[in-house]
Amino acid sequence: MGELLVQNKDIVIPGEKLATGMDFLPSNGSFRSNEDVLAQQLGIVNITGRSIRIVPLTGKYIPKEGDNVIGAIADMSFNNWYVDVGSAYQAMLFVSSVPEYIEKNADLSQYYNFKDIIYAVISKVTRSKVIELSMKGLGYRKLFGGKMITVMPSRVPRIIGKQGSMITMIKELTGCKIIVGQNGRIWIYGDIEGEKAATEAIMMVEQKSYKEGLTDEIKNFLESRRKIE
Amino acid sequence: MKKENKETKYEKRFDGRNFDQLRPIEAKIGIIKNADGSASFKMGDTYAIASVFGPRDLRPRFLQNPQKGTLRCTYDMLSFSVTERKRPGPNRRSVEVSLVTGWALAPVICLDEYPNTVIDVYIEVIQANAGTRCAGICAAALALASAGILMKDLVSAVSVGKIGDKIVLDLIKEEEDFDPATDIPIAFTPRTGELTLLQLDGSISKDELKKAIELAKKGCQTIYDLQKKTLKEHFSKMELENDIQ
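What this report covers is the structure whose coordinates are included nearby.

### Quick word on the overall build of chain A
Scanning chain A for helices and strands turns up 4 helices and 17 strands. For the C-alpha atoms alone, the extent of chain A along its principal axes is close to 60 × 55 × 25 Å. Among the 229 residues that make up chain A, the fraction classed as buried is 50%. Nonlocal contacts in chain A, meaning residues at least 24 apart in sequence, comprise 55% of its contacts between residues at least 6 apart. Accessible area for chain A stands at about 11,400 Å²; split by element, carbon and sulfur atoms hold 50% of it.

As structure tokens, this is what we get:
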């Protein structure tokens with residue numbers, strides 16, 4: 001019968017045996033070889049029911065349907081933009097999926113030009129890794145001003161925190177507008193001091209993401225920073 | 001010419017090791033900040049660093065393969081890595097080693113998952129004392145794993161050889177230059193025990209080659225244990241405590 005060889009949150013390396021027998025199913029980041037389930041990627045084990053998933057610790061952003069991402073316009077065609085979202089593939093943003101009404105044969109650079117930063121949602125990822133973006137919906141827009149920083153995509157859940165606890169706290173204490181993209185890009189907009197403080201706080205979260213009680217630590221850090229000013 | 005000289009006695013190794021003993025090995029992860037994954041691997045005096053970039057867009061476009069990704073390996077010895085200055089830049093030897101390194105690594109990488117892209121592996125040897133391609137492969141396997149590339153297994157490599165009348169593990173420069181010397185770099189996938197690289201320079205009988213491969217397998221197991229330990233130790237430090245979304 002099947003036997004589980006690892007526990008939740010264990011770190012596994014590629015090729016490591018996770019479970020034997022047909023009782024367990026390979027999911028993202030794992031595969032079946034003969035009767036065993038093996039890790040395909042370096043990451044943390046996440047067991048839900050019978051399926052074993054590996055949550056990657058490093059690596060490029062893997063696009064997923066429904067992710068909110070921040071991207072930069074990299075190229076243009078006659079009816080779509082190519083957007084760099086930090087993954088191995090360029091994402092496509094079609095004229096039909098932007099909020100503005102765009103006439104036929106219009107000059108697309110008038111709407112979104114090269115190097116413009118946009119906040120959009122991934123509407124589709126095909127098997128041949130064609131990524132389609134959409135900007136229809138609440139809050140998706142071109143981002144003006146502010147600054148953009150890049151963190152590891154695997155750290156994004158920690159930066160957001162449980163029910164957004166971490167990011168709300170940073171927003172409140174620095175007075176900045178912050179948008180976090182699932183692809184590890186973070187847009188910060190506010191006054192110079194606030195932007196600086198928010199950047200440092202986010203970098204701290206990224207580096208110390210393994211620590212417990214990090215929200216309080218960041219809170220202390222931001223409050224003590226404010227006192228000095 | 002002098003066939004009778006072939007079976008020269010080789011009593012004791014130049015550095016006093018046992019015939020089936022590896023040099024001290026050491027590995028490190030994450031030494032290059034800008035790379036997606038990087039690692040260094042030290043085998044005695046041989047020191048190789050590997051960096052992985054990608055998967056990323058492959059240009060020119062006609063090189064792209066819509067069925068599977070491309071693995072591009074570049075091996076280079078830095079000019080100060082050997083006692084006599086090596087002329088910088090690629091040469092005949094480094095082109096060959098780049099190719100065989102790619103062939104040794106490709107079977108374990110799930111390239112089907114990365115169509116139209118390229119994974120770049122750069123291996124730099126900063127200090128050389130024989131077995132540089134093996135150290136490079138070991139470092140590259142670690143770097144690939146730390147870059148989060150989908151792989152079926154790691155790769156461990158070691159050189160074996162026949163020096164005089166003895167089968168020895170992990171040659172050094174003096175042994176490579178010994179008169180009847182056969183140098184066999186071997187790469188294994190440790191889980192399945194498959195050979196991904198075997199080159200042979202010199203002459204050896206069939207039985208002896210079998211013995212040499214067995215010896216290399218043992219050496220690779222030791223190297224694999226180190227690779228595994230290094231990866232786990234490095235990443236357990238940065239483990240996410242909670243909230244996996």
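### A word on the overall build of chain B
The number of helices and strands found in chain B is 4 helices and 9 strands. Listing the helices and strands of chain B from first to last along the sequence gives β-β-β-β-α-β-α-β-β-α-β-β-α. A total of 245 residues make up chain B; the buried ones form 53% of that total. The long-range fraction of contacts in chain B, counting pairs at least 24 apart against all pairs at least 6 apart in sequence, stands at 69%. Looking at charge distribution, chain B has the averaged site of its 36 positive side-chain charges lying 2 Å from that of its 35 negative ones.

### Here's the deal with the packing of helix H2 (residues 165-174) of chain A against helix H4 (residues 214-228) of chain A
Residue and element names in this part refer to chain A. Interhelical geometry of H2 versus H4 gives an angle of 5 degrees and a closest axis separation of 10 Å. With respect to each other, H2 and H4 are oriented roughly parallel. Residue-level contacts link Met 166, Met 169, Ile 170, Leu 173 and Thr 174 of H2 to Leu 214, Thr 215, Ile 218, Lys 219, Leu 222, Glu 223 and Arg 226 of H4. Of the residues contributing to the contact of H2 with H4, the split by class is 7 nonpolar, 2 polar and 3 charged.

### Comments concerning the sheet that holds strand E6 (residues 36-39) of chain A
Here 4 strands make up an open sheet; going across it, the order is E1-E3-E6-E5 (chain A) and the pairing antiparallel. Every other strand in the sheet has two partners, leaving strand E1 (3-4) and strand E5 (30-33) of chain A as the edge strands with one partner each.

### Overview of the pairing of strand E11 (residues 91-94) of chain A
Successive residues of a regular strand alternate their side chains across the two faces of the sheet. Residue and element names in this part refer to chain A. The sheet contact formed by strand E10 (residues 80-84) and E11 spans 4 bridges and is antiparallel. Paired with Val 83 across the two strands is Ala 91, which belongs to E11. In this structure, the hairpin formed by E10 and E11 is closed by a connection of 6 residues, where Gly 86 is found at a positive phi of approximately 90 degrees. Direction of pairing for E11 relative to strand E13 (residues 131-134): parallel, over a ladder of 3 bridges. Across the sheet, Leu 93 pairs through a bridge with Leu 133, a residue of E13.

### Let's talk about the side chain of Thr 189 of chain B
By the element assignment, Thr 189 of chain B lies in strand E8 (residues 181-189). Among residues more than four places away in sequence, those in contact with Thr 189 of chain B are Val 108, Asp 153, Leu 154, Glu 194 and Thr 196 of chain B.

### A word on H2 of chain A
Residue and element names in this part refer to chain A. Restricting attention to buried positions, one finds in H2 the residues Met 166, Ile 167, Met 169, Ile 170, Leu 173 and Thr 174. Along the long axis of H2, the arc covered by the buried residues comes to 160 degrees, so they all point the same way. At its buried positions, H2 is contacted by helix H1 (156-160), strand E16 (177-180), helix H3 (192-207) and H4. Looking one or two residues beyond H2, the residue adopting positive phi is Gly 175, at roughly 70 degrees.

About the cut-offs
- Residues numbered from 1 in each chain as written.
- Chains lettered and ligands numbered in written order.
- Predicted model: local features only at pLDDT ≥ 70, side-chain atom pairs only at ≥ 80, totals over all residues.
- Heavy atoms only, no water.
- Helix = DSSP H or I, 4+ residues; strand = E, 2+ residues; numbered from the N terminus.
- Buried < 20%, exposed > 50% of the residue type's maximum accessible area, 1.4 Å probe, protein only.
- Contact = heavy atoms within 4.5 Å.
- Areas by Shrake-Rupley, 256 points an atom, 1.4 Å probe, with all protein chains shown as cover.
- Lys, Arg positive; Asp, Glu negative; His and termini not counted.
- Charge placed at Lys NZ, Arg CZ, Asp CG, Glu CD.
- Axes fitted to C-alpha atoms, helices over the stretch in contact; angles between N-to-C directions.
- Parallel < 35°, antiparallel > 145°, perpendicular 65-115°, else oblique.
- Nonpolar A, V, L, I, M, F, W, Y, C, P; charged D, E, K, R; others polar.
- Pairing = 2+ DSSP bridges.
- Arc of directions from axis to C-beta.

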